[in-house]
Amino acid sequence: SFCKKEDHNKENLFNSLNYDVAAKKRKKDLLNNKAKIQYFHQEKWIYVHKGSTKERHGYCTLGEAFNRLDFSSAILDSRRFNYVVRLLELIAKSQLTSLSGIAQKNYMNILEKVVQKVLEDQQNIRLIRELLQTLYTSLCTLVQRVGKSVLVGNINMWVHRMETILHWQQQLNNIQITRPAFKGTTFTDLPLCLQLNIMQRLSDGRDLVSLGQVAPDLQVLSEDRLLWKKLCQYHFTDRQIRKRLILSDKGQLDWKKMYFKLIRCYPRKEQYGDTLQLCRHCHILSWKGTDHPCTANNPETCSTSLSPQDFINLFRF
């Protein structure tokens with residue numbers, strides 16, 4: 001009777017263990033296979049530790065900051081969209097191995113939302129193409145080094161993500177821009193001075209070239225020397241310009257050729273509608289307008305705007 005009772009208890013214990021293992025497996029599968037929702041954290045800010053300390057290495061990492069800051073909502077804001085895309089590109093170039101497993105999932109989920117947004121509104125197509133190409137090139141290099149612990153996760157998972165990136169690239173290539181059914185005043189109906197004034201607001205020379213291909217009149221305006229001169233002076237210093245002087249056949253400075261030569265040699269000036277900000281008083285990193293526990297009398301005066309590269313540099317130690 002005792003033996004039977006002991007066997008019965010062992011069987012119950014074995015069944016209980018099987019149940020726990022099955023429950024854990026289901027939970028893991030749910031996390032791995034249905035991780036379409038960004039990792040949620042109630043606080044939308046992160047404290048950046050001063051100096052290089054043990055706490056900083058454990059709790060103040062690039063991956064943790066990527067989890068804590070609300071990037072999913074930021075891409076829906078036109079003022080923050082380019083900032084997030086630039087940040088994703090910089091991470092793709094050199095910081096993928098710095099992200100934790102959850103941060104990598106968040107990265108891919110946010111990237112998917114960015115692609116879907118571009119497919120829907122048909123804007124910033126070239127920007128996202130360049131981001132996907134940068135990410136794919138980096139992954140090709142990292143996956144070839146399999147076995148050296150350069151990427152968190154199974155190699156098959158990363159191969160699947162690379163296939164997804166190729167699929168996104170194909171979707172972007174298949175976009176057919178539809179002409180809006182608008183019969184009112186168009187860009188070419190405006191006076192030439194207004195057209196030129198609007199074109200001066202474009203910060204990318206490739207946009208000027210594309211705009212010039214729309215109509216013959218715009219082609220003439222897009223070749224305006226003063227337009228390209230202002231573009232060069234906006235992005236580059238006088239010293240950089242003097243090193244890359246190019247003369248045209250007429251003996252004048254060819255500002256258009258100089259611009260494309262300069263962008264191959266120097267980084268362009270970056271400007272964003274909204275950026276992440278670091279509070280100098282409490283060392284908390286957050287988006288502008290996000291409430292954080294600051295003890296300063298005027299928290300607005302303590303905030304410093306960070307470029308995407310500045311954001312990454314905060315976590316290099």
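The preceding data block contains the structure.
Below is a short write-up of the structure. (Residues numbered from 1 in each chain as written. Predicted model: local features only at pLDDT ≥ 70, side-chain atom pairs only at ≥ 80, totals over all residues. Heavy atoms only, no water.)

It is worth spelling out the nonpolar core at this point. Counting 54 residues, the largest nonpolar core has F71, L88, Y107, I128, L135, L285 and F311 as its most contacted members. Sort the elements by how many residues they give to this core and helix α5 (residues 78-94) lands first, with nine residues. For L135, the contacting residues outside a window of four places in its chain are A92, L96, Y107, M108, L111 and I165. If you look at the next biggest cluster of nonpolar residues, it comprises 16 residues, including L221, L231, M258 and Y259. (Core = buried A, V, L, I, M, F, W, Y, C linked by side-chain atoms within 4.5 Å. Buried < 20%, exposed > 50% of the residue type's maximum accessible area, 1.4 Å probe, protein only. Helix = DSSP H or I, 4+ residues; strand = E, 2+ residues; numbered from the N terminus. Contact = heavy atoms within 4.5 Å.)

Turning our eyes to something else, we now look at the packing of helix α6 (residues 101-121) against helix α8 (residues 155-173). Where α6 meets α8, the closest approach of the two axes is 11 Å, and the angle between their N-to-C directions is 15°. On the basis of the axis angle, α6 is roughly parallel to α8. The handedness of the crossing between α6 and α8 comes out as left-handed. In contact with Q104, K105, M108, L111, E112, V115, V118 and L119 of α6, α8 contributes W158, R161, W168, Q171 and L172. (Axes fitted to C-alpha atoms, helices over the stretch in contact; angles between N-to-C directions. Parallel < 35°, antiparallel > 145°, perpendicular 65-115°, else oblique. Left-handed = near helix turned anticlockwise from the far one by under 90°.)

Glancing now at the environment of L119. Checked against the element boundaries, L119 lands in helix α6. Sequence separation between L119 and I175 is 56 residues, and the spatial gap between their C-alpha atoms is 7.4 Å. Ignoring anything within four residues of it in the chain, the contact list for L119 reads Q171, L172 and I175.

Turning our attention to the pairing of strand β2 (residues 276-279). The side-chain alternation of β2 yields two buried faces, one formed by L276 and L278 and the other by Q277 and C279. Relative to strand β3 (residues 284-287), β2 runs antiparallel, the two being bridged by three bridges. Paired with L276 across the bridge in β3 is W287. Hairpin connection between β2 and β3: a loop of four residues separates the two successive antiparallel strands, and H283 in this loop has a positive phi of roughly 55°. The pairing of β2 with strand β4 (residues 303-306) spans four bridges and is classified as antiparallel. Within β4, the residue paired with Q277 across the bridge is S305. (Pairing = 2+ DSSP bridges.)

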